[in-house]
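Residue-level structure breakdown
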Number of protein chains: 2
Amino acid sequence: MKHHQMMCWSNKFICFSLFLLLLFKAVAASSSSQEFMPVDGHSHGGFHAENHGHHKDEDGEEDEVFGDEKRKKRCSSSSALSRRSSISWLVQATEMLYIIGLGLGDERDITLRGLDAVKKCEKVYIEAYTSLLSFGLSTDGLSTLEKLYGKPIILADRETVEEKIDNVLSEAHGSDVAFLVVGDPFGATTHTDLVVRAKTLGIDVKVVHNASVMNAIGICGLQLYRYGETVSIPFFTETWRPDSFYEKIERNRNLGLHTLCLLDIRVKEPTLESLCRGKKQYEPPRFMTINTAIDQLLEVEQNQGKSAYDEDTECVGFARLGSEGQMIVAGKMRQLQTVDFGEPLHCLVIVGKLHPVEEEMLEFYKINSEKP
Amino acid sequence: MKHHQMMCWSNKFICFSLFLLLLFKAVAASSSSQEFMPVDGHSHGGFHAENHGHHKDEDGEEDEVFGDEKRKKRCSSSSALSRRSSISWLVQATEMLYIIGLGLGDERDITLRGLDAVKKCEKVYIEAYTSLLSFGLSTDGLSTLEKLYGKPIILADRETVEEKIDNVLSEAHGSDVAFLVVGDPFGATTHTDLVVRAKTLGIDVKVVHNASVMNAIGICGLQLYRYGETVSIPFFTETWRPDSFYEKIERNRNLGLHTLCLLDIRVKEPTLESLCRGKKQYEPPRFMTINTAIDQLLEVEQNQGKSAYDEDTECVGFARLGSEGQMIVAGKMRQLQTVDFGEPLHCLVIVGKLHPVEEEMLEFYKINSEKP
C-alpha cells in the first residue's frame, strides 16, 4: 500500500516535471524561437557559467564574448527550470555553429576539443576551398576523417562556401553544425565572412583553434615576431601580372623583417569561357610551386629595379608544412629554384636580417650546408 | 615425422632470425651508440619512409628535413634486417625529443598527434616559463594533464629551461622525451634554443604544432596578413622605461597595419638583491594587464609626441585567449582602460586601417556598441 502510494507520488512528480518542461519549452519557443533538447547529464554553452560560476564546461567549449548577452538570457530561464524540477535532464542549447581548425597534417592533427565538437554535431561540413590539398584530402582522406569521426562529412566546395552558405547556416537553426577548416579558422577571409553571416542570422559561433601556416613557419627558426606584412603571390597570366607584393617585400627587407609569401591556389575556378556563356565549367586545380614564385619574384625585381631582393637573397621554402612529408629548405633564391619541392602546398619566406639564434637554426635546413 | 621436421626448420629459422637481430643490435650499438628496442607491430621515425615508400607513419609523426640524412642511414640497415627475418618485431628508433604544443585553452586542446607522442614518451616535461598561466596550470592543472596522459609530468621552470636543459636533453639519448609547451613550440625564443641544442647533441627533434597567440588573435576578425611587426611591452620600472616598441607601432600604423602587443610576463625572476648576494630568491610572478599596457603606451606617446596613436585609437583587448573564459573587447584606448579584463594572460592589438569585413566582424566585440 505504502509502496503503491509512493509510486503515485512518483508518477505525479514526473507528470509535474514534464508539465514544467513543456511549459518552459513553449515559453522559450515563443520568446526566442530557440529549440531546447533534453540530453543525458550534460549542459552546454553558457548554462554552466550561470549555474556553476567558474565551473568548467564539460565539453570544453570556448566562450566568445559577443555571445554572452544572448546566453545570459537563456541561462536565467533554464536555471529557473532546474531549480524547480529535480529531474536530471539538463537542457541543451542547440543552433550552434562550430568552426573547427584541423591543423596542417592529417586527421590526427585535430584537437581533443575539436573532436568532441565534431562528435556531437548533426551535420559536418569540410571546407575544400582554401587549402584542401595541404591536408591530402582525396576521397580516401575524407574516408579517414569519416572513420575517425564516425559520421559522414559533406564536402563544401567553393560554390557552397561562396553561394550556398546560407543553406548551411540555416541548418544551424535547430541543430549543431560543424564546419571543418584546414589549419586555423582565421587564416583566410572566407571564414570571417562565415562568422559575420552566422552572427547576423542570430546563430552562436564557437571556434576551435589549431595550428596554421601563419605560426607553423616558426619551425624554421625565424622568430614570428620578426615578420613584416604577409604577401600573396598570384599566378601571372599573359595580361595580368600584378606586383603589389613587391613594395611590401621591399619595405619589410628595408626594416630587416622576414616576409611570408603565400602562393596562389586555384581550385574550382570557373573558366573564362564558361563565365561568358553563363554555364559553369571549371579549370583544373593549380597550386603555385616555390619555383614559379621565385621566377615571378625575380621578373618583378627586374622590372622594378629597386633591389628589394635578388637571386642571392636568402629564403626558406616550405612544402606540405606541418604534414609528415614536410620539406623545409633554406638557401639563396637561385639555389631554391633548382629544388624539386614535390606535391603542394608550397610557401616561401624571404629572410630579413638574422639574429644569431635564427642563423644557427636555419643552418640545419641549408641546402648543401657543407659547401661554402 | 614430417611435422617434426617442419618444427626443426621452424626453430632453426627463429634461431637464425634472433642471431641476425642480435648481430644487428651489436653493429648498431658500436657504430652509433643508438639504442633499438623491439616493439609490437610498430616502427617509428624514418623506418616507414624507407620500407613502405609513402606509407603513412602509424604514429603520425612529422619528419623534419634536417633529420633525413641520419634517418636514411638507419633505414638501410634496418630494412636489410626486416627483409631477411620474418619475425614481426619491428625496430624502433629511440632518442627522440618531441616538442609538443598544447594550444591555448586546457588539457583538451592538445592534438591527437600530440597525445600519441606524450603517451609513448618515458619522460614528460612541461615548460612553465613563457606562458604558464594562460593554461591555468596550478597544481590542479598539472594533475588534470597527468590524469589525461596517465603519467607524471615534470615541471620545467625557468631555471631548468635556461640552466639545466642539457640534463633533460641527455635523457633523450636512449629514450623518448616529451617537452610540452603552451601554445605552439615556436612562439618564444627559448624553444628555438632548445632545438638548436638538441640538434647539436645529435638528438632528433619532432615538433607537434598547435594554435598560438600569433594566429588565435585572428578570431577578432582582423586579418592575420594585415599585421605589421609584433611588439613586446615590458614592465616600466623607476629607472628603466624602454620604448623601442613606439617606433614599430608608428611604422605599422603609418602603413595601415595592425600591431600585436605582447605584454610582459615575469615568472621566477630573481630579485636584484638575490643577484647581488649570489643566493637565489624570486620575485612574485607578474603579468601585465591591458590597462597597464595602455597607461605605458600613452605615457610614451606623450613623451615622443609623434601621434603614432592616442587615447581615441581603436584597439582590441584579449584576455585568456583561446580558453573557455576568454574575453575579447574592441574599443578606443580610453574605453579599454576602464575595462576589468580579469585574470592573465592579456594581450592587445592596436588596430590599423580597417577593411569592410574586418569592421563588420569587430562590431560584434565593440564595447557599448549600441551607443555612438
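Residues numbered from 1 in each chain as written. Chains lettered and ligands numbered in written order. Predicted model: local features only at pLDDT ≥ 70, side-chain atom pairs only at ≥ 80, totals over all residues. Heavy atoms only, no water.

Per an unreviewed UniProt entry, chain A carries the name diphthine methyl ester synthase and comes from Hibiscus sabdariffa. The annotation that UniProt attaches to chain A under Function (unreviewed entry) is "S-adenosyl-L-methionine-dependent methyltransferase that catalyzes four methylations of the modified target histidine residue in translation elongation factor 2 (EF-2), to form an intermediate called diphthine methyl ester. The four successive methylation reactions represent the second step of diphthamide biosynthesis." The Pathway (unreviewed entry) comment attached to chain A in UniProt states, word for word, "Protein modification; peptidyl-diphthamide biosynthesis." (UniProt positions renumbered as here; feature names shortened; annotations may be inferred.)

A short note on the overall build of chain A
Of regular secondary structure, chain A possesses 14 helices and 14 strands. Put simply, chain A has 372 residues, and 54% of those count as buried. In chain A, 74% of the contacts between residues at least 6 apart in sequence involve partners at least 24 apart. Roughly 17000 Å² of accessible area belongs to chain A as shown, and the carbon and sulfur atoms make up 54% of that amount. (Helix = DSSP H or I, 4+ residues; strand = E, 2+ residues; numbered from the N terminus. Buried < 20%, exposed > 50% of the residue type's maximum accessible area, 1.4 Å probe, protein only. Contact = heavy atoms within 4.5 Å. Areas by Shrake-Rupley, 256 points an atom, 1.4 Å probe, with all protein chains shown as cover.)

Comments concerning the sheet that holds strand β14 (residues 346–350) of chain B
Residues and elements named next belong to chain B. Across the sheet, which stays open at both edges, the five strands sit in the order β8-β9-β14-β12-β13 with mixed pairing between neighbours. The sheet is open, and its two edges are formed by β8 (231–233) and β13 (327–332), each paired on a single side. When strand polarity is set aside, the average angle formed by the axes of neighbouring strands in this sheet is 25°. Note that strand β12 (residues 314–319) and β14 share five bridges and pair antiparallel. In the sheet register, Gly317 faces β14, and the bridge partner there is Leu348. Contacts from helix α10 (residues 244–254) reach β8, β9 (259–263) and β14 within the one sheet, and its direction differs from that of β8 by about 140°. (Pairing = 2+ DSSP bridges. Axes fitted to C-alpha atoms, helices over the stretch in contact; angles between N-to-C directions.)

Remarks on the relation of the copies chain A and chain B
Here chain A sits on chain B after a turn of 180° about the axis and a move of 0.0 Å along it, with an RMSD of 0.0 Å. Viewed as a symmetry operation, the transformation between the two copies matches a two-fold axis. The residues that chain A uses at the interface reappear at the interface of chain B in 100% of cases, marking a shared surface. (Least-squares fit on C-alpha atoms with pLDDT ≥ 70 in both.)

Quick notes on the interface of chain A and chain B
Contacts between the two partners involve 64 residues from chain A and, on the opposite side, 64 residues from chain B. Both faces combined, the contact of chain A with chain B buries some 5800 Å², and carbon together with sulfur accounts for 60% of it. Looking at the side of chain A facing chain B, the largest losses of area belong to Arg108, Leu112 and Glu324 of chain A, adding up to 13% of the total buried there. Linking chain A to chain B there are six salt bridges. Residues Arg113 of chain B and Asp106 of chain A are paired through a salt bridge, measuring 3.2 Å at the closest nitrogen-oxygen approach. (Buried area = accessible area lost by both parts, 1.4 Å probe. Salt bridge = Lys/Arg side-chain N within 4 Å of Asp/Glu carboxyl O.)

Some points on the packing of aromatic side chains
Inspection of every chain in the model, using the stated rule, returns two aromatic pairs over all chains. The ring of Phe235 of chain B is capped by Arg286 of chain B, whose NZ or CZ atom sits 3.9 Å from the centre of that ring. (Phe/Tyr/Trp six-rings, centres within 6.5 Å; stacked < 30°, edge-to-face > 60°. Lys NZ or Arg CZ within 6 Å of the ring centre and 35° of its normal.)

Let's talk about the pairing of strand β6 (residues 177–181) of chain A
Residue and element names in this part refer to chain A. By the criterion of burial, β6 is predominantly enclosed, with five of the five residues buried. Judged by which residues are buried, β6 turns out to be covered on both faces: Val177, Phe179 and Val181 on one side and Ala178 and Leu180 on the other are all buried. Sheet topology note: the strand β3 (residues 96–101)/β6 ladder contains five bridges and is parallel. In the sheet register, Ile100 faces β6, and the bridge partner there is Leu180.

Section: the sheet that holds strand β4 (residues 123–127) of chain B
Residues and elements named next belong to chain B. Sheet architecture is open: five strands sit in the order β5-β4-β6-β3-β7, paired in parallel fashion. Strand pairing shows two members of the sheet lacking a second neighbour, β5 (154–156) and β7 (204–208), which therefore form its edges. Neighbour to neighbour, the strand axes of the sheet diverge by 25° on average, direction disregarded. Sheet strands in contact with helix α4 (residues 112–120) are β3 (96–101), β4, β6 (177–181) and β7, and its direction is about 140° off that of β3.

Considering the nonpolar core
One finds Leu97, Val316 and Phe318 of chain A together with Leu97, Val316 and Phe318 of chain B to be the most contacted residues of the largest nonpolar core, which totals 82 residues. The contacts of Phe318 of chain A, once residues within four sequence positions are left out, are Ile217, Ile219, Cys220, Ile290, Met327, Ile328, Leu345, His346, Cys347 and Val349 of chain A. (Core = buried A, V, L, I, M, F, W, Y, C linked by side-chain atoms within 4.5 Å.)

Side note on the packing of helix α10 (residues 244–254) of chain A against helix α12 (residues 290–304) of chain A
Residue and element names in this part refer to chain A. The contact between α10 and α12 brings their axes to 10 Å, and the two run at 85°. Between α10 and α12, the angle falls in the class roughly perpendicular. Residues Phe245, Tyr246 and Ile249 of α10 pack against Leu297, Val300, Glu301 and Gln304 of α12. Split into classes, the residues belonging to the contact of α10 with α12 amount to five nonpolar, one polar and one charged. (Parallel < 35°, antiparallel > 145°, perpendicular 65-115°, else oblique. Nonpolar A, V, L, I, M, F, W, Y, C, P; charged D, E, K, R; others polar.)

Examining α12 of chain A
All names here are of chain A. Here α12 is 15 residues long and its end C-alpha atoms lie 21 Å apart, about the 21 Å a rise of 1.5 Å per residue gives. Each element contacted by the buried residues of α12 is listed here: β8 (231–233), α10, β9 (259–263), β12 (314–319), α13 (333–336) and β14 (346–350). Positive phi shows up at Gly305, right after α12, with a value of about 65°. (Expected span 1.5 Å × (residues − 1).)

So, the environment of Pro270 of chain A
All names here are of chain A. Inspection of the secondary structure assignment puts Pro270 in the loop between β10 (265–266) and α11 (272–277). Take Pro270: its relative accessible area is 24%, and that puts it in the partly exposed class. In this structure the C-alpha to C-alpha distance between Pro270 and Pro284, which are 14 residues apart in sequence, comes to 9.4 Å. Residues within four places of Pro270 in sequence aside, it is in contact with Leu275, Gln281, Tyr282 and Glu283.

Some remarks on the pattern of salt bridges
Residues and elements named next belong to chain A. Summed over all chains, the structure comprises 28 salt bridges over all chains. The salt bridge involving Asp312 is made with Arg334; its shortest N-O contact spans 2.8 Å. Taken as a pair, Asp312 in the loop between α12 and β12 and Arg334 in helix α13 lie far apart in primary sequence, 22 residues in all. What makes Asp312 partly exposed here is its relative accessible area of 38%. Judged by relative accessible area, which is 37%, Arg334 ranks as partly exposed.

Here's the deal with the environment of Leu298 of chain B
Along the chain, Leu298 of chain B turns up in helix α12 (residues 290–304). C-alpha separation for the pair Leu298 of chain B and Glu311 of chain B, spaced 13 residues apart in sequence, amounts to 7.1 Å.

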